[in-house]
Amino acid sequence: MDLLNILSSPVTWVVTIVSFLYILYRHATSTFNYFSDQGIPGPKPMPIIGNMWGIWKANLPEYDSALVKQYGKVFGYFDGLVPNLWITDVDMIKAVCVKDFEHFVDRRSFQIKTKVMRKWLIMMKGQEWKDVRSSITPAFTSGKIKRMSSLIKDCVGDLCDRLSNFTENDGKINAKLTFSAFTMDVIARCAFGLKIETLGSEDDTFIKNAQHVLNPPTNRSPVVLLPLLFPTLFLMFAERIFLTKEMTFFFDLLENVLRERSQSKEKFNDFIEMADEAISDFTKEVEGKTVPMWSREEIDEIIIAQSTLFMLAGFDTTATTLTNTCFQLARNPDVQEKLYESIVAKMEEHGEVCHEMVQDLPYLEMVIHEVMRIYSPFLRIERECTKDYSYDNGRIKIKKGQMVTIPAFALHRMEEYYPAPDKFDPERWSPENKANQSPYTFMGFGAGPRNCVGMRFALEEMKIAICTMVQKFRFFPVEETPEKLSFDDGLTQILQPVHAVVGIEFRQSN
Ligand code: HEM
């Protein structure tokens, strides 16, 4: 039989196609024994897509809680072919986030090489991340937050004006929309040095571009899986995907602000100024001499990166937490009254809502903690393994490149850590109760050296807003207020409350 005959034989074709499909199948399932070989349970993966089929239309809070309930505190999941160990075991969370952090320095990230975006802290890796994180951290010290608090107070004043209008007109608010306008105002003033006159109007260029950057329509379509399934391919197009004209609008805006400020001696007391001070002060040792770590050009790039990241990381998280707080206060009038009483008592001492006063309100802290416990704004905390790791005397092995996920929302609803987890109960965070609780059962701001760098700022902003609002207004349920809050579907990092409408009235004393 000559070659031509062999090639044209149907048997040859069948054998070739079957072999090709077999090789493809072996490749598309090549990692799937990883967890079963270690005796780690988990849902059965599908070729290529792993366990992510349908995730773009799932309700993630429910999806994650169901997985944890079914498979327990340590189980295996596949992001495409990448093994991802899900953990809700507190000792293991502590090991990954703190004790053995050197093995888990990075977050799942797509190292974008484009100018400015390459300095987004949230995506940076290894030593470069450590250097930028150490440079920017001093921008969030208590002293610097105090300096920024007067800008926050201005924004809260405007928020209260809008709330007064709602009170007089509708007697109710759409909490998510209202607080989104507020957090955007804070970001515009603190991170972009701008006052938006047309706040709340969708025609404003700042708001329009921010909405485009923050809510890409891909979140609810299978397209959202592509970066997870094909990261290398994705990186080739990352610049085109991320560097949209809307994103460039913000980079240009900040470049102009920095240019103008370089000629000015004025004090602004905003994040741009705090970041500039902090980054410029950061030094390194070269041949026994202490020299600045960054050049002026690098400082500007880092500031622009962190200011735009401020918008990405601090807008929805803070607006969502304020929305959820408002809903819980409306549904729990006893908590709202207790909070009001504690605020009034402190007002007598401090005279006004200020930085010092909000640091001195333990009950407010307990309320915010419980809101973030019952509705963790960040659904999942992730780490990428950067050095091979073994846990519990080698019982669990995690290889470099593998992912670890802490499903924060699901963790906060585990009966074992929080009895009656669906009950809103700020007393869980009283000093006595807190002392009996592992800190790693609460991941609202993450944990360890890679936790939320903006935590202090977010708490200051939320505390000043809640104190001022609760002192002036009372929230209550109206017909549209749901019994329980529900959250949007789709593969989003941040919890998205829907239909959070609550009633609002002036307090008698006002
Ligand atoms: C209620 C509001 C907020 C919540 C719930 C929140 C939550 C979180 C969480 C859970 C993480 C991941 C932590 C980890 O992986 O361990 C994170 C990271 C981060 N957050 Fe926040 N955040 C909030 C507000 C802010 C604000 C206002 C900023 C702005 C400055 C900010 C900037 C960041 C940055 C830059 C990171 C990445 C840190 C790094 O990789 O080193 N966040 N945040």
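Here is what the cut-offs are and how they apply
- Residues numbered from 1 in each chain as written.
- Predicted model: local features only at pLDDT ≥ 70, side-chain atom pairs only at ≥ 80, totals over all residues.
- UniProt positions renumbered as here; feature names shortened; annotations may be inferred.
- Helix = DSSP H or I, 4+ residues; strand = E, 2+ residues; numbered from the N terminus.
- Buried ≥ 20, exposed ≤ 12 C-beta atoms within 10 Å, placed from the backbone.
- Contact = placed C-beta atoms within 7 Å.
- Pairing = 2+ DSSP bridges.
- Axes fitted to C-alpha atoms, helices over the stretch in contact; angles between N-to-C directions.

For the protein chain, the name recorded in an unreviewed UniProt entry is Cytochrome P450, with Daphnia pulex as its organism. As its UniProt record puts it under Cofactor (unreviewed entry), the protein chain is described as follows: "heme".

Asker: Explain the environment of Ser135 here, please?
Answerer: Topologically, Ser135 is positioned in helix 5 (residues 126-136). Residue Ser135 is classed as buried on the basis of its C-beta count, with 23 C-beta atoms lying within 10 Å. Each C-alpha atom, one on Ser135 and one on Met293, is 8.8 Å from the other, the two residues being 158 residues apart in sequence. For Ser135, the contacting residues outside a window of four places in its chain are Ala278, Ile279, Phe282, Met293 and Ile302.

Asker: For this particular structure, what's the right way to read the UniProt feature "binding site: heme" (unreviewed entry) in the protein chain?
Answerer: The UniProt entry lists Cys452 under the feature "binding site: heme" (unreviewed entry), expressed in the numbering used here. Note that Cys452 resides in the loop between helix 18 (431-435) and helix 19 (455-472). Apart from residues lying up to four places away in sequence, Cys452 is in contact with Phe445 and Gly446.

Asker: Mind showing me how you'd approach the sheet that holds strand 6 (residues 381-384) here?
Answerer: Within a sheet, adjacent strands bond to each other through the backbone by hydrogen bonds, running parallel or antiparallel. What the four strands build is an open sheet, ordered 1-2-9-6; its pairing is mixed. Every interior strand has two partners, whereas the edge strands, strand 1 (74-79) and strand 6, have only one. Adjacent strand axes in the sheet meet at a mean angle of 25° when their direction is disregarded. By the bridge criterion, three bridges tie strand 2 (residues 82-87) to strand 9 (residues 403-406) in an arrangement that is parallel. If you follow Trp86 over to strand 9, its bridge partner there is Thr405. Each of strand 1, strand 2, strand 6 and strand 9 is contacted by helix 4 (residues 90-99), which is oriented at about 125° to strand 2, the strand it contacts most.

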